[in-house]
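Listed below, chain by chain, are the residues.
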Amino acid sequence: MDFLEDSALTELRLRIGAKLLPKFESVALPELLNATELSVIASEGIELEDLELIRVEGDNTLSFKGYRVALYIRDHGLVREEQTLPVFHVAYCPIIKSMKENKRLYRYAVTHQEDEYFTLNWIGEHTSRFTQQLTVCQRCLSVLKWDHFDMHEMSKEAQLLIVFAFTLKVFFTRYPKKLAV
Ligand SMILES: [Zn+2]
């Protein structure tokens, strides 16, 4: 990915260098997923070392290189101190906010998959890859007011009905993967 960014930057430099623009640093590069990345993000997801490239859209959804994404922690097992139930995120909830602010040692992944079976790494004595069904983060549902989800005014039963009815397929219908330019 660094290489692609570098080559794009070089190309840009060559292009604007010919025109002798004084401040090429201020030219915004359109960062879009390339064909390979689009294929990986649609299947097992793209691994990220940190959340620097994750942007928060005006509707509070999360995006990566011009596309809305679902995001989750890929590394589990001994690498994590807390053993909470794994969830995936679709919005800028307080958990994502703290993840963005605190540098952690484990990896994340962003995905366009349309089912709820996620590719995870088990980090232990031996590291292995496995697939696990995850549920959507309730705080994300609250941020998006998904199907009128409410953390406080709604019964636990009503909340869980919405959580278990949530699918990424429907999410990407309501919030299209490709951002409008
Ligand atoms: Zn969340």
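Note that this is a predicted model, so its numbers are computed, not measured. (Residues numbered from 1 in each chain as written. Predicted model: local features only at pLDDT ≥ 70, side-chain atom pairs only at ≥ 80, totals over all residues.)

Caption draft 1: Focus on the nonpolar core. If you look at the biggest cluster of nonpolar residues, it comprises 33 residues, and the most contacted ones within it are L62, L71, Y72, A91 and C140. Looking at this core, the elements with two or more residues in it are strand 3 (62-64), strand 5 (70-73), strand 8 (108-111), strand 9 (117-123) and helix 4 (138-144). If we skip the residues at most four places from it in the chain, Y72 touches F88, H89, Y108, A109, F118 and L134. (Core = buried A, V, L, I, M, F, W, Y, C linked by C-beta atoms within 7 Å. Buried ≥ 20, exposed ≤ 12 C-beta atoms within 10 Å, placed from the backbone. Helix = DSSP H or I, 4+ residues; strand = E, 2+ residues; numbered from the N terminus. Contact = placed C-beta atoms within 7 Å.)

Caption draft 2: Broad picture of unusual backbone geometry. Its identity as a non-glycine residue notwithstanding, N60 has a phi of 75°, on the positive side. Topologically, N60 is positioned in the loop between strand 2 (54-56) and strand 3. Residue classification places N60 among the partly exposed positions, given that 16 C-beta atoms sit within 10 Å. Phi is positive for K65, which is not a glycine, with a value near 50°. When you line up the elements, K65 lands in the loop between strand 3 and strand 4 (67-68). With 20 C-beta atoms counted inside 10 Å, the residue K65 sits in the buried group.

Nothing here speaks to function; it is geometry throughout.
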